[in-house]
Amino acid sequence: MIRLERRPSPSRMWTALTPVMAVLATMIAGGIMFAALGKDPVEAIRTIFWDPLFNEQFAAYSRPQLLVKAGPLILIAIGLSLGFRAGVWNIGAEGQYIIGAICGAAVGLALYPLDSPIVFPLMVLAGALGGWAWAMIPAILKTRFNTNEILVSLLLVYVAEQLLASMALGLLRNPEGGGFPGSRNLQQYDAAANLELFAGTGVHWGVVTAFIAVIFAYVLLSRHLLGFQIRVAGSAPRAARFAGVNPAALVVICLGISGALAGLAGMFEVAGPAGQITIDFNSNYGFTAIIVAFLGRLNPIGILLAGILMALTYIGGELAQFMLGVPAAAIQAFQGMLLFFLLAVDVLSNFRLRLGKPEAA
Amino acid sequence: MMLNISLELLLASLMVAATPILLAALGELVTEKSGVLNLGVEGMMIIGAICGFAVAVETGSTILGFIAAALGGAVLSLIFAVLTQVLMSNQVATGLALTLFGLGFSALIGQSYAGLKPPPVPELDFGPLSNLPFVGPVLFQHDAMVYVSIALVAAIWAVLRFSRVGLILRAVGENHDAAHALGYKVVRIRILAILFGGACAGLGGAYLSLVRVPQWTEGMTAGAGWIALALVVFGAWKPWRVLLGAYLFGGITVLQLNLQAAGLAVPVEILSMSPYVITILVLVVMSADRRASLNAPATLGRVFHASN
């Protein structure tokens, strides 16, 4: 008979080891799924995890893509992780991402064709403010009316998607686009474009911001009083109240930071890799970032690595789609599986496995 | 501008529009009554939608389709049950994982089913009742699942209120330590409640793909699962109030669709977002009411571990 015994504090070794175990388990289960789809499992896994980095034919294109995809994931996940640590569940990052993109693009398009170095910084500001404002809706409803922030932030994603459609078809539509939906392409507007900073690396301003966010979050959590309050509020809410933590302020701060970062991610995406506001501009980064946050153990350095790994599954997934005809949905299921395994093996860091019968109390 | 929307048609389609979220919300109500918060309703619904659709198309029988949908939803919820009850994972995170996985996996299974037509679901014949003017089309010209969902409301209400099973379920949800001390198998009871919730969500999803739409498209639940979760809060964990909420919500959905079709001078996007906005407003009103939020099961979302 196996039974579980709670550890006094989570095991450090297992905390570091469990994400690796989860990735391996996902590779095995994913391999079985690919085999069931009639694909060679070894080849599929190799195409996803190995070829984008080391295959001579594709690596030149894929490697820069790694940071392009990892940037927004890391940026969003860092913000989410602060909230998750404090027990504030913002799961509507996708909506904040969309609104950030709309606001950032709107500022850029309003100033078109002004050629001034001030355009891009203004867009960055607008993107962050837009995401922040969208996240303030669940924050204020939570603190004023005690409304569940999980449901509100998630429902607002659907509202944001409708707004996006309305913007792409109406207000922000390219007046010279011949009636097609979608805005002007910001990449062709030099003052607003978020271009690659170093040729061949994929590093744009969003990626730089993501790295800054990682450092900022690391310092915040380990050195700053707010970081301490976030950690204590999540692990021991009662103790937090005695330590003088104001729960309402924490909700506003956590949702505000995660909203602003998600908004920034959206803005950098629309001004850079995506280029324009379209009906289906959003690509589920807001939801995948939840997996990234957990895979990184809600730890800034962990999230950095997890974001890069998750970006790899995106690129490798596209490659597998193209090379082996693996359906796109399989990759999505694959990413969901990863979160399952992660949560499952988590038990090892919080509990000890004991063999034998429990002693009588 | 004159809007010619027939009240009769509006009320008749209201019940059909409300049934998917009603079924899912009822399942979630039972799960939450046992003290478990399963945020994976959206994922279980969409798995139910594709399982029901696929089996109904392959066998030509909608009854088999609904059974398969309930099974599919229950199997997915079993993953949630094992993770949260046996491996004691965080319920919020696991529920989200269920939704993310469900959306991806359903799209994977559903690839070859896009664009197909499911077999028709027959309407129940109530004889002369169905031919009554106004009342007939509104109340008595629907398929069996509409009435099954209403019967389920009554059954859940009666079981929770009058039976021993209901009492034990509520005890587990209100205070798992006390229930454990009395000798009830907390984990086993919760797993069963989760499975029931999964089966109901699966049925709700299949109702979408077999009756309400009726066809299969990726991500077709479009937030219905989240609205079902909100309905449980709206209904203050009471079955009849959940029914009322579902029908109100169904009414809003049908009304905005009718307004879109009637060409009201309001942008389509504003109308399409109205159900979500109204759900948020309703949530705000309900949670500002202290008495309603006191109805929440006391151990909702808390991890149970029998440490001695």
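From a predicted model like this one, the values you see are computed outputs, not experimental measurements.

What follows deals with the overall build of chain B. When its secondary structure is counted, chain B shows 14 helices and zero strands. Starting at the N terminus and walking to the C terminus, you meet the elements of chain B as α-α-α-α-α-α-α-α-α-α-α-α-α-α. By the compact-globule yardstick of 19 Å for 308 residues, chain B fits well, its C-alpha radius of gyration being 20 Å. When its C-alpha atoms are laid out on the principal axes, chain B stretches across 70 × 45 × 40 Å. The burial tally for chain B puts 50% of its 308 residues in the buried class. At a minimum sequence separation of 6, the contacts of chain B that also span at least 24 residues come to 78%.

The next subject is the overall build of chain A. Looking only at helices and strands, one finds 15 helices and two strands in chain A. On C-alpha atoms alone, chain A measures out to a radius of gyration of 22 Å, which is about the 21 Å that the 2.2 N^0.38 rule sets for 361 residues. For the C-alpha atoms alone, the extent of chain A along its principal axes is close to 80 × 55 × 35 Å. Contacts in chain A between residues at least 24 apart in sequence constitute 78% of all its contacts with a sequence separation of at least 6.

This paragraph deals with the interface of chain A and chain B. Taken residue by residue, the interface counts 39 residues in chain A and 41 residues in chain B. Mapped by element, the contributors of at least two residues to the side of chain A that touches chain B are α6 (119-145), α7 (149-169), α12 (285-295) and α14 (328-345) of chain A. Among the residues forming the side of chain A that touches chain B, the class breakdown is 29 nonpolar, eight polar and two charged.

Residues and elements named next belong to chain B. Position of V30 relative to the elements: it lies in helix α1 (residues 7-33). Overall, the presence of 26 C-beta atoms within 10 Å leaves V30 in the buried class. When neighbours within four sequence positions are excluded, V30 is seen to be in contact with I156, A193, F196 and G197.

The subject of this paragraph is the packing of helix α4 (residues 59-86) of chain A against helix α9 (residues 225-235) of chain A. All names here are of chain A. At a closest axis distance of 6 Å, the pairing of α4 and α9 adopts a crossing angle of 50°. Viewed along their axes, α4 and α9 adopt a mutual orientation that is oblique. Here L82, R85 and A86 of α4 lie close against α9, whose contacting residues are I230, R231, A233 and G234. Its residues assigned to classes, the contact of α4 with α9 comprises four nonpolar, one polar and two charged.

One non-glycine residue, L298 of chain A, lies in the positive phi region at around 60°. A positive phi is found at A236 of chain B, a non-glycine position, where the angle reads about 50°. Locating A236 of chain B in the fold gives a position in the loop between α11 (224-234) and α12 (239-262).

A few words on the environment of A77 of chain A. Residues and elements named next belong to chain A. Counting through the fold element by element, A77 comes out in helix α4. Exposure remark for A77: the 39 C-beta atoms within 10 Å place this residue in the buried category. As for A77 and A93, which are separated by 16 residues in sequence, their C-alpha atoms are 9.0 Å apart.

Residue and element names in this part refer to chain A. Examined against the element boundaries, R144 turns out to sit in helix α6. The exposure class of R144 is exposed, given the 11 C-beta atoms found within 10 Å. Counting along the chain gives 104 residues from R144 to A248, while the straight-line C-alpha distance between them is 8.8 Å.

Quick look at the nonpolar core now. In terms of nonpolar packing, the biggest core is built from 219 residues, with I76 and I102 of chain A together with I21, A25, L26 and L231 of chain B touching the most fellow members. Filtering out sequence-adjacent residues up to four positions away, I21 of chain B remains in contact with G204, A224, I227, A228, L231, A246 and F249 of chain B.

Next up on the list: the packing of helix α7 (residues 144-162) of chain B against α12 of chain B. Residues and elements named next belong to chain B. Between α7 and α12, the shortest axis-to-axis distance is 8 Å and the interhelical angle comes to 155°. Put simply, α7 runs roughly antiparallel to α12. Judged by residue contacts, V153, I156 and W157 of α7 engage P239, W240 and L243 from α12. Of the residues contributing to the contact of α7 with α12, the split by class is six nonpolar, no polar and no charged.

Turning next to the confidence of the model for chain B. Looking at chain B, the pLDDT average stands at 86 and 97% of residues meet or exceed 70. As a predicted assembly, this complex carries a pTM of 0.87 together with an ipTM value of 0.84.

About the criteria used
- All chains use their own residue numbering, which begins from 1 and follows the written sequence.
- Numbering of ligands from 1 and lettering of chains from A proceed in the order in which they are written.
- Since the coordinates come from a predicted model, pLDDT governs what is reported: local features require at least 70, and pairs of side-chain atoms require 80 or more to be given and counted, while whole-chain, interface and lining totals use all residues.
- Elements are defined by DSSP. Helices are runs of H or I of four residues or more, strands are runs of E of two residues or more, and each kind is numbered from the N terminus.
- In this treatment the radius of gyration is a C-alpha quantity, and the globule benchmark scales as 2.2 Å times the residue count to the 0.38 power.
- Exposure classes come from backbone-placed C-beta atoms, where a residue is buried if 20 or more other C-beta atoms lie within 10 Å of its own, exposed if 12 or fewer do, and partly exposed in between.
- In this description, any two residues whose backbone-derived C-beta atoms lie within 7 Å of each other are considered to be in contact.
- In this classification, the charged set is Asp, Glu, Lys and Arg, the nonpolar set is Ala, Val, Leu, Ile, Met, Phe, Trp, Tyr, Cys and Pro, and all remaining amino acids, among them Gly, are polar.
- Think of each axis as a best-fit line through the C-alpha atoms, taken over the contacting stretch in the case of a helix, with angles from 0 to 180 degrees between the N-to-C directions.
- Relative orientations are named as follows: roughly parallel for angles under 35 degrees, roughly antiparallel for angles over 145 degrees, roughly perpendicular for angles from 65 to 115 degrees, and oblique for any other angle.
- Residues enter a nonpolar core if they are buried, belong to Ala, Val, Leu, Ile, Met, Phe, Trp, Tyr or Cys, and are joined to the set through C-beta atoms within 7 Å.
- Every residue gets a pLDDT, meaning the predictor's confidence in that residue, from 0 to 100.

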